[in-house]
Amino acid sequence: MTADLTVKANGGSAEPDTAPHAIEVEHIVKKYGDFTAVDNVSFYVKEGEIFGLLGPNGAGKSTLIRMMTTLIPITSGVARIAGHDVAKDPNGARRLIGVIPQALTSDLDLTVEENLQIYAKLYDVPAKERQRSIDELLQLVDLTKWRDAQTKTLSGGMRRRLEIARGLVHHPKIFFLDEPTTGLDPVSRVAVWEMLGNIKAQRQLTILITTHYMDEADRLCDRIAIVDHGKLVALDAPMALKASVPGSNVIEVQFGDPPDDWEQRLHTLDDVTAIQHEGAGMYRVLTGNGSRTTTELVEMAVQASVPVKSLSVQNTTLDDVFVHYTGRQLRDELQKAYAYVMPQTPMRP
Amino acid sequence: MNRMMAIVEREMRKFFRSPALMMASMIMPLAQLIILGNAFGGKIHDARVAIVDEDGGPQALRVREAFDSVRANMRTFLPINYDNEKQAVQDVRNGKLQGALIIPPQFSRRVYEENHPRIAVVVDNSDNFMSSAIEDELTNMVNDLNQPTVEPRILQQTALDIVEMYPYIEYMKYLLPGSLVLAMFVSVMIGGGMLYIDDKARGVHEGYLVTPITKLELVLGLNSAGAIKAVMTGVIITIIGSLLAGVGTIFHPFTFVGLLIMIVLTAIAFNTMMFLLMVRIEDPLVPRAIFGILNTLLFFPSGSVYPVQAFPKWLRAIARVDPFTYAVDGFKCLLLKETALSAVWGDILYLTIFAAITLSIAIPLFKRTL
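Residues numbered from 1 in each chain as written. Chains lettered and ligands numbered in written order. Predicted model: local features only at pLDDT ≥ 70, side-chain atom pairs only at ≥ 80, totals over all residues.

1. With respect to the domain arrangement of chain B
Residues and elements named next belong to chain B.
So, point 1. Assigned domains within chain B: domain 1 (47–164) and domain 2 (170–365).
So, point 2. The C-alpha centroid of domain 2 is placed 38 Å from the C-alpha centroid of domain 1.
So, point 3. Counting residues at the interface gives nine residues for domain 1 and eleven residues for domain 2.
So, point 4. At the level of elements, helix H4 (85–94) and helix H6 (128–146) are the ones that each hand at least two residues to the side of domain 1 that touches domain 2.
So, point 5. The biggest single contributor to the side of domain 1 that touches domain 2 is H6, with three residues. (Domains from an automatic or database assignment. Contact = placed C-beta atoms within 7 Å. Helix = DSSP H or I, 4+ residues; strand = E, 2+ residues; numbered from the N terminus.)

Following this line, the structure appears as structure tokens:
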């Protein structure tokens, strides 16, 4: 399945591919000793696109973004940023990209404006343009009135906005964001999404974003690559990905004390394409016709005297796409990540 | 009780999983025991003392023979023959010699005439331990000459004049150069060591690495920042320390310029050394853990609190490569001995070469990637 999907991933969406490529990744591999963190991944990102790398923690998203942004060496394969090979011409690539790492790394002791000034100087922004660019960015991320505040006094959401401004201080063409909303409250997350939408519209940026939030990827991205265990398992527009999953609706239903063969009996309903048993009488039923299957399902439950505790019908989500391509639920992977223990010493090639 | 033991268990688990902390907590007291045990209280050996024989007569020869016998037995002195009294005194002032024994013209004749023969020892009393040792040893030597076991035909009744180079130097003044160097080291340890690793761990360097800054710019930037902080510490401690200890030399413009040069070079040398030590470290605990060990290994062997000439050979070898030794010597010359800058060129040269070598090793070790 992976081989077929990789071919599809290389091809991207079904739309005619006319836009030039801002990012090209060809057969990229990253190994730490015997462990392969990224395994032969290829894709491209078109200019002006918001491209999402979606996967659980440890899937290899951050490793991929770190290779593309010159932070870690590539074991094999090629990554090109606007035509600059990141291994051969890293500085050429660095001048064109803005990077927001996963951790909040702005200096806590400096003020908002001082942080931006330092980065403007690191990017060699001419002195006369510096102040104008900073003023503009502060307005864009809504931090103008906090410009003289020390970064340590800002909330998590404000600090993330500062990081976004920091990554844009030199007017990059391509913007990399590594899990920009992780750890933020729902209100701050929505604020960051809106801000990214505005920024993209104003600056004609190409954006590559990694996330493990399905809703974030669904809302923001033009195309999404699903990464699992270091491999790219699917790549397409969110709608196309959802359409690729058999069934257009998901019925989430909880029964009270269903019989042992209940899952098999649910499979016999019309239009049902897949069933996931989640325990405690909870089932996710993927179907091509939500309303008809719901009616039949309720009738079957009444006839079998199995009480229906709760029921909801939804459209197919990216979560279903993830399950379809990986065989596991993303939220299970996220829960596993809490129990994941980092090795004491990181493995190096 | 269980709750208390949970705290203990957590602390123990953390401790046993931090090899750097475990090693440091055991090595530091051992290093202190070995270094401090050998650095203090030893007898002075091989003090460079000039012998200027302006008499050349048979009685002067007896003094020189007695001097040589001290060299052969106690090894307190390393005698160096000088023809010129002025040059010998100058070299004592410059720190090349620890003292100079002057046998004046007509000494033998005065012995024969029993006309109050005198010899003089000029000592560098900026180091009280060293000058006391030389004075004691030479006083004993002259007493032995005046009261030999077998009485000769003509008995020397020589007097030893002790000439101290400087007015009395209190211990506080003596400690000032060492304290100044230690303050600069602490500044480098915090500013160039701990903060550097903390920033690395917090991901601040990750932010730098995605910008077009070159490896050389990054290394020089980090080192310059650490050195500037140490220079500021050096200038402040020099001024406040001098005022507290009553050292007036900082008000001489040439000395102040010399001090500034020494402060800048010491700051650079210390910072490049620290950068080399930290260049591949990732764990923020490491600089904290090795702070005490480095302090013991570098500060005490430098001769800032006890003369190097009292150390065993292995400790002298550490002192010979330790940048503290040269920094302390340079500051001693300028602050306490009022020497010209030419007297500390050797220290300046060593610190410059040390900085160049440590930096040239650190640059290839520095990783431009994560």
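2. Describing the sheet that holds strand S9 (residues 223–228) of chain A
Backbone-to-backbone hydrogen bonds pair the strands of a sheet. The strands run either parallel or antiparallel.
Residues and elements named next belong to chain A.
So, point 1. On the basis of which strands lie adjacent, the open sheet formed by six strands has the order S6-S7-S8-S3-S9-S10 and mixed pairing. Of all strands in the sheet, those with a lone pairing partner are strand S6 (97–100) and strand S10 (231–236), marking the two edges. The average angle at which neighbouring strand axes cross in this sheet is 15°, direction not considered.
So, point 2. Where strand S3 (residues 50–54) meets S9, four bridges bridge the pair, whose relative direction is parallel. Directly across from Leu54, in S9, lies its bridge partner Ile226. (Pairing = 2+ DSSP bridges. Axes fitted to C-alpha atoms, helices over the stretch in contact; angles between N-to-C directions.)

3. A few points about the sheet that holds strand S14 (residues 308–315) of chain A
All names here are of chain A.
So, point 1. Taking strand neighbours across the sheet as the criterion, the four strands line up as S12-S13-S11-S14 in an open arrangement whose pairing is antiparallel. Looking at the sheet topology across the chains shown, the edges are occupied by strand S12 (272–279) and S14. Geometrically, the sheet is characterised by an average inter-axis angle of 15° between neighbouring strands, direction not taken into account.
So, point 2. Seen against the sheet, helix H11 (residues 290–303) touches strand S11 (249–255), S12, strand S13 (282–287) and S14 and runs at an angle of roughly 15° to S11.

4. Some words on the packing of helix H7 (residues 171–202) of chain B against helix H9 (residues 215–245) of chain B
Residue and element names in this part refer to chain B.
So, point 1. Two numbers describe how H7 lies on H9: the axes approach to 9 Å, and their chain directions differ by 155°. Classed by the angle they form, the pair H7 and H9 counts as roughly antiparallel. As for how H7 packs across H9, the hand of that crossing is right-handed. Contact residues: H7 offers Met172, Lys173, Leu176, Ser179, Leu180, Ala183, Met184, Ser187, Val188, Gly191, Gly192 and Tyr196, while H9 offers Leu222, Gly226, Lys229, Ala230, Thr233, Gly234, Ile237, Thr238, Gly241, Ser242 and Ala245.
So, point 2. Class assignment of the residues belonging to the contact of H7 with H9 gives a composition of eleven nonpolar, ten polar and two charged. (Parallel < 35°, antiparallel > 145°, perpendicular 65-115°, else oblique. Left-handed = near helix turned anticlockwise from the far one by under 90°. Nonpolar A, V, L, I, M, F, W, Y, C, P; charged D, E, K, R; others polar.)

5. What to know about the interface of chain B and chain A
So, point 1. Taken together, the contact pairs 13 residues of chain B with 16 residues of chain A.
So, point 2. In terms of residue count, the dominant contributor to the side of chain B that touches chain A is helix H8 (residues 204–209) of chain B (five residues).

6. Description of the domain arrangement of chain A
So, point 1. Entries for chain A in the domain assignment read domain 1 (2–242) and domain 2 (246–315).
So, point 2. For domain 1 of chain A versus domain 2 of chain A, the separation of C-alpha centres amounts to 40 Å.

7. With respect to the confidence of the model for chain B
Regions with low pLDDT should not have their predicted coordinates read in detail.
Residues and elements named next belong to chain B.
So, point 1. In the predicted model, chain B carries a mean pLDDT of 89, and 98% of its residues have values of at least 70.
So, point 2. Confidence, expressed as mean pLDDT per element, reaches its minimum in chain B at helix H2 (residues 19–39) with 80 and its maximum at helix H14 (residues 345–365) with 96.
So, point 3. Reported confidence for the predicted complex is 0.78 by ipTM and 0.81 by pTM. (pLDDT = per-residue confidence, 0-100.)

8. What to know about the pairing of S11 of chain A
Residue and element names in this part refer to chain A.
So, point 1. For S11, the tally of buried residues reaches five of seven residues, placing the bulk of the element in the interior.
So, point 2. Pairing geometry for S11 and S14, over seven bridges, is antiparallel. Note on S14: the bridge partner recorded for Val250 is Gln314. (Buried ≥ 20, exposed ≤ 12 C-beta atoms within 10 Å, placed from the backbone.)

9. With respect to the environment of Ala149 of chain A
Residues and elements named next belong to chain A.
So, point 1. Inspection of the secondary structure assignment puts Ala149 in the loop between helix H5 (127–140) and helix H6 (156–167).
So, point 2. Residue classification places Ala149 among the partly exposed positions, given that 15 C-beta atoms sit within 10 Å.
So, point 3. As for Ala149 and Glu114, which are separated by 35 residues in sequence, their C-alpha atoms are 9.7 Å apart.
So, point 4. Among all residues touching Ala149, those that are not within four sequence positions of it are Thr111, Val112 and Leu154.

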